[in-house]
Amino acid sequence: EAGVVQSPRYKIIEKKQPVAFWCNPISGHNTLYWYLQNLGQGPELLIRYENEEAVDDSQLPKDRFSAERLKGVDSTLKIQPAELGDSAVYLCASSLASYNEQFFGPGTRLTVL
Amino acid sequence: GENVEQHPSTLSVQEGDSAVIKCTYSDSASNYFPWYKQELGKRPQLIIDIRSNVGEKKDQRIAVTLNKTAKHFSLHITETQPEDSAVYFCAASLTGTASKLTFGTGTRLQVTL
């Protein structure tokens, strides 16, 4: 079974530029999560989807971050414009349902110059 | 919201020795506590979890104990091997499901020969 797929794996951009990350969850997983992981820290939840509905986006900085999960499968996380402090690893995870184990993708390492 | 503290931040043990990592949480409503292992540059992977209806759970060389009264839980690794070297994260769920995980800051475990 394929795991959670994320792309790109690495991204380097200049500040004020837009950037987008893509996630394909494990087939059949209804719940999808986006996390931010700073160096030396644990993951922090940005947003959680149940199918196509964002049920928890309280930690998402909505002035510059946006996310979508059209058709309840793949998801995209966007930052516009990016700031220096956005440099981090962005992890996507999925689970069968909200009470099940979360499986993480390999992450996208973003560097903002 | 939930707050999870994790200690120590780094831990070095000799191969064959035991390693213990401790976490405390703040919200007594939390009742799901997973542990993730993250190797350098890799995705976090669930290694063991425990729910509040049990005090201990074991899986081969790994065990987790939970003290709900004191609001702390611990990861125990026995007969450590070099491949156990990684960063370990504890997490707690605020709502009793896997959906709202709050992670600790991580423990870097180094197993030396």
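You'll find the structure just up there.
Residues numbered from 1 in each chain as written. Chains lettered and ligands numbered in written order. Predicted model: local features only at pLDDT ≥ 70, side-chain atom pairs only at ≥ 80, totals over all residues. Heavy atoms only, no water.

1. Section: the interface of chain A and chain B
Cut-off, in case you're wondering: In what follows, residue pairs with any heavy atoms lying within 4.5 Å of each other are defined as contacts. By buried area we mean the combined loss of accessible area, with a 1.4 Å probe, across both parts when two parts are placed together. Salt-bridge detection follows one rule: a side-chain nitrogen of Lys or Arg within 4 Å of a carboxyl oxygen of Asp or Glu. In the analysis that follows, any N or O atom pair within 3.5 Å is treated as a polar contact, provided that within protein one partner can donate a hydrogen and the other can accept it, and provided that, for residues neighboring in sequence, both atoms belong to side chains. Helix and strand labels come from DSSP, where a helix needs a run of H or I of at least four residues and a strand needs a run of E of at least two; each type is numbered from the N terminus. Ten residue types, Ala, Val, Leu, Ile, Met, Phe, Trp, Tyr, Cys and Pro, are classed as nonpolar, four, Asp, Glu, Lys and Arg, as charged, and the remainder, Gly among them, as polar.
The partner chain B presents 16 residues to the 21 residues of chain A that form the contact. When chain A packs against chain B, close to 1,500 Å² is buried across both sides, 50% of that on carbon and sulfur atoms. The interface formed by chain A and chain B holds 0 salt bridges in total. At the junction of chain A with chain B, the criterion picks out 3 residue pairs in polar contact (both at pLDDT 80 or more). Sorting the residues of the side of chain A that touches chain B by element identifies strand 4 (31-37) and strand 5 (44-50) of chain A as the ones contributing at least two each. For the side of chain A that touches chain B, the element with the most residues is strand 4 of chain A, which contributes 3 residues. Across the side of chain A that touches chain B, the residue classes tally to 9 nonpolar, 8 polar and 4 charged.

2. Some remarks on the state of the cysteines
Residues and elements named next belong to chain B. Rules: Working definition: a disulfide is two cysteine sulfur atoms within 2.5 Å of each other. Buried means the residue's accessible area, taken with a 1.4 Å probe over protein chains only, is under 20% of the maximum for its type, while exposed means over 50%, and partly exposed covers the values in between.
Taken as a whole, this structure holds 2 disulfides over all chains when the rule is applied. One disulfide in the model links Cys23 with Cys90; its S-S distance is 1.9 Å. Disulfide Cys23-Cys90: the torsion about the S-S bond is -100°, which places it as left-handed. Taken as a pair, Cys23 in strand 3 (residues 19-25) and Cys90 in strand 9 (residues 86-93) lie far apart in primary sequence, 67 residues in all. In terms of burial, Cys23 and Cys90 fall into one category: buried.

3. Things to note about the environment of Trp34 of chain A
Residue and element names in this part refer to chain A. Tracing the backbone shows Trp34 in strand 4. With 11 residues separating them along the chain, Trp34 and Cys23 place their C-alpha atoms 8.9 Å apart. Within the structure, Trp34 has its side chain in polar contact with the side chain of Ser75 (distance 2.9 Å).

4. Side note on the side chain of Ser95 of chain A
Residues and elements named next belong to chain A. Mapped onto the fold, Ser95 is located in strand 9 (residues 88-95). Separated by 2.9 Å, the side chains of Ser95 and Tyr33 make a polar contact. Sequence-distant contacts of Ser95, defined by excluding residues within four places in its chain, comprise His29, Asn30, Thr31, Tyr33, Asn100, Glu101 and Gln102.

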